[in-house]
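Residue-level listing of the chains:
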Amino acid sequence: MNRSALRIVALAAVGALLACTAAVAVASRAFPEGYSPARATWPTLPAPLGWVREDGGWYAHIATQGYSYTPGQQSSVAFFPLYPLGVRGLGALGLDTFLAGVLLTMVCGLLALVLFVSWARTRTDEATARDAGLLLALYPFTFFLYGAMYSDALFLLLVVGAFLLLERGQLGLAVLLGAVATAARPVAPALVLGLLARRLEWKHERGQRWSGVDLLPVLAATGFLLYMLYLWRTFGEPFAFVKVQSAPGWDQMPGWRTWLKVRWLQGFNAAMKPGDFLRLAGHAAVTLGALALVWPTARRLGWGYGLYSAAIVGLPALSSKDFMGMGRYLLAAFPLFVTLALILRERPRLRLGVMATSGGLMLLLAFAYGAAEYVS
């Protein structure tokens, strides 16, 4: 290869970022009447190039005004603190809150893709690492890493960084980064399980015996636990972030109706619009595709990454009433992209077709996002 996987993926990611930003900007200008909760809070919303939509309003509110909790109503405690803290830190430097959120996502997203290729190199060859990086950079929902004011880019950066450090034998730093990551998203059990399983497998691969030190990954739950402690001391409810999910408008009520996806099934009816059908079917399809890749991931990359992938996909899939948001949540299931690259390695035409189709869908979804359509 004349160019390294890192360089190729970095160039592709920058190109995708620019293309998605252009799509979002055009859509936000073409459909200025589109609804966004951020606009309801800030009527004079600058919304840099249209990247601030939906949850961006919540994150901006937390960054500027802190948390609030009203039982039975949608409340900001549903959103974990690390990302809004980052936005607030950039705001303290004089940046507009929304611009800070967009820039934080852009920088973290690009760095996450670069770190992903570095991690992939530890598990496979250069060509496969390149292909996996391109598959992730062009995945339809990766536009959330290119500017959307959401926490996914920051979370992915930290998680990939933690596993990369783990592969290099730097257990303490890996656990520290993991602990920071669990303050960004409510999927701490998946990350803790993944780091612990991979550490034990890593020692086994080298013919080394396990010791008490190898249990350190359980401390990666620290960020998650500290947020629960904050909620308990401030609002008297450590699980407030779970309880508000059942509030009207979110309607993510735990129980058999959610587990069996009754609401998802009810969504398919004669009166549904084409866009609703595509949303419901699309998110379910990528979820099933991800689950189908879990076992091949365990076989090809090791049982540690298999367990992590199963948990990082399974937890949100089980708790979602209709699979909505799963396309975005699957960004954290990064080992699956290496598995997909390995499967497509001997099928160059199919691989190019998958990448081209994914990239086209990504631009389409970015345009829809800029037009304030509910895509995830």
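Note that the coordinates shown come from a computational prediction; the quantities given were computed from them, not determined experimentally.

Glancing now at the overall build of the protein chain. The helix and strand inventory of the protein chain stands at 18 helices and 0 strands. Each of the three principal axes of the protein chain carries a C-alpha extent, and together these read 60 × 50 × 50 Å. For the protein chain, the residues scored as buried account for 56% of the 376 residues in total. Taking contacts inside the protein chain between residues at least 6 apart in sequence as the whole, the part at least 24 apart equals 73%. Carbon and sulfur atoms form 66% of the exposed surface of the protein chain, whose accessible area is close to 16500 Å². Looking at the protein chain, you have 31 positive and 18 negative side-chain charges, and the mean spots of the two groups are 4 Å apart.

Of all hydrophobic cores here, the largest spans 120 residues; its most connected members are Trp51, Phe116, Trp119, Phe143, Tyr146 and Phe163. With 13 residues, helix H7 (residues 152-167) is the largest single contributor of residues to this core. Every residue in contact with Trp51, bar those within four places of it in the chain, is listed here: Cys20, Thr21, Val24, Val102, Met106, Phe143, Tyr146, Gly147, Ala148, Met149 and Tyr369.

Using the criterion set out here, one finds 15 salt bridges in the structure. With a shortest N-O distance of 3.3 Å, Arg185 and Asp152 are connected by a salt bridge. Taken together, the residues span a long stretch of sequence, with Arg185 in the loop between helix H8 (171-181) and helix H9 (188-205) and Asp152 in helix H7 at a distance of 33 residues. Across the pair Glu205 and Arg198 runs a salt bridge whose closest N-O atoms are separated by 3.1 Å.

This paragraph deals with unusual backbone geometry. The general pattern is negative phi for most residues beyond glycine and trans for most peptide bonds. The backbone phi angle of Glu54 is positive, close to 45 degrees, even though this residue is not glycine. With respect to the helices and strands, Glu54 occurs in the loop between helix H2 (37-41) and helix H3 (55-65). Notably, Ala372 is not glycine yet its phi reads approximately 70 degrees, a positive angle. Structurally, Ala372 is set in the segment after helix H18 (348-370).

Glancing now at the confidence of the model for the protein chain. Scored by pLDDT, the protein chain has a mean of 90; 95% of the residues are at 70 or more. At the level of individual helices and strands, the protein chain shows its lowest average pLDDT in H2, which scores 43, and its highest in H7, which scores 98. In the model, residues 35-47 has pLDDT below 50 throughout and makes 25 contacts with residues more than four positions away in sequence or in other chains.

The topology assignment puts Gln208 in the loop between H9 and helix H10 (222-235). Counting along the chain gives 18 residues from Gln208 to Ala190, while the straight-line C-alpha distance between them is 25 Å. Setting aside residues up to four positions removed in sequence, Gln208 forms contacts with Trp202 and Lys203.

If you walk through the whole model with that rule in mind, you get 32 aromatic pairs. Summarising the aromatic geometry, the rings of Tyr139 and Phe337 are spaced 5.4 Å apart at their centres and angled 75 degrees between planes, so their arrangement reads as edge-to-face. Taken together, the residues span a long stretch of sequence, with Tyr139 in the loop between helix H6 (126-137) and H7 and Phe337 in helix H17 (residues 335-344) at a distance of 198 residues. Clustering of aromatic rings is evident, with ring pairs tying together Tyr67, Tyr69, Phe80, Phe224, Tyr227, Tyr230, Phe235, Phe239 and Phe241. In this structure, Arg328 packs its charged tip against the face of Phe144, placed 5.4 Å from the ring centre.

Another point: the side chain of Arg199. Tracing the chain through its elements places Arg199 in helix H9. On the accessibility criterion, Arg199 (9% relative accessible area) is buried. In contact with Arg199, other than residues within four places in its own chain, are Leu166, Gly169, Leu171, Asp214 and Pro217.

Moving on, we come to the packing of helix H5 (residues 97-123) against H6. One way to put it is that H5 packs onto H6 with a least axis distance of 9 Å and a crossing angle of 150 degrees. Judged on the interaxial angle alone, H6 and H5 are roughly antiparallel. Seen along the crossing, H5 lies across H6 with a hand that is right-handed. Along its contact with H5, which presents Leu113, Phe116, Val117, Ala120 and Arg121, the element H6 presents Glu126, Ala129, Ala132, Gly133, Leu136 and Ala137. For the contact of H5 with H6, the class distribution of residues is 8 nonpolar, 1 polar and 2 charged.

About the cut-offs
- Residue numbering note: each chain is counted from 1, following its sequence as written.
- Two thresholds apply to this predicted model, a pLDDT of at least 70 for residue-level local features and 80 or more for giving and counting side-chain atom pairs, whereas whole-chain, interface and lining totals are computed over all residues.
- Excluded from the side-chain calculations are hydrogens and water; all other atoms, namely the structure's heavy atoms, are used.
- Numbered from the N terminus, helices here are DSSP runs of H or I no shorter than four residues, and strands are runs of E no shorter than two.
- Three exposure classes are used, based on accessible area relative to the maximum for each residue type with a 1.4 Å probe and protein chains only: buried under 20%, partly exposed in between, and exposed over 50%.
- Should any heavy atoms of two residues lie within 4.5 Å, those residues are considered in contact.
- Exposure was quantified through the Shrake-Rupley algorithm and a 1.4 Å probe, taking into account, for residues, occlusion by the shown protein chains and nothing else.
- The sign given to each residue is positive for Lys and Arg and negative for Asp and Glu; His and the chain ends receive no count.
- A charge is said to be at NZ when it belongs to Lys, at CZ for Arg, at CG for Asp and at CD for Glu.
- By convention a nonpolar core is built from buried Ala, Val, Leu, Ile, Met, Phe, Trp, Tyr and Cys residues, the set being connected through side-chain atoms within 4.5 Å.
- In what follows, salt bridge is the name for a side-chain nitrogen of Lys or Arg lying within 4 Å of a carboxyl oxygen of Asp or Glu.
- What pLDDT reports is the predictor's confidence in each residue, on a scale of 0 through 100.
- Pairing of aromatic side chains requires ring centres within 6.5 Å, counting the rings of Phe and Tyr and the six-membered ring of Trp. Pairs whose planes differ by under 30 degrees are stacked, by over 60 edge-to-face, and all others tilted.
- A ring has a charge above it when a Lys NZ or an Arg CZ is no more than 6 Å from the ring centre and no more than 35 degrees off the ring normal.
- Angular values range over 0 to 180 degrees, each being the angle between N-to-C directions of two axes fitted as lines to C-alpha atoms, with helices fitted over their stretch in contact.
- To sort the angles, those under 35 degrees are grouped as roughly parallel, those over 145 as roughly antiparallel, those from 65 to 115 as roughly perpendicular, and the leftovers as oblique.
- Each crossing gets its hand from how the near helix is turned against the far one by less than a right angle, where anticlockwise is left-handed and clockwise is right-handed.
- Throughout this entry, Asp, Glu, Lys and Arg are counted as charged residues, while Ala, Val, Leu, Ile, Met, Phe, Trp, Tyr, Cys and Pro are counted as nonpolar. The remaining residues, Gly among them, count as polar.

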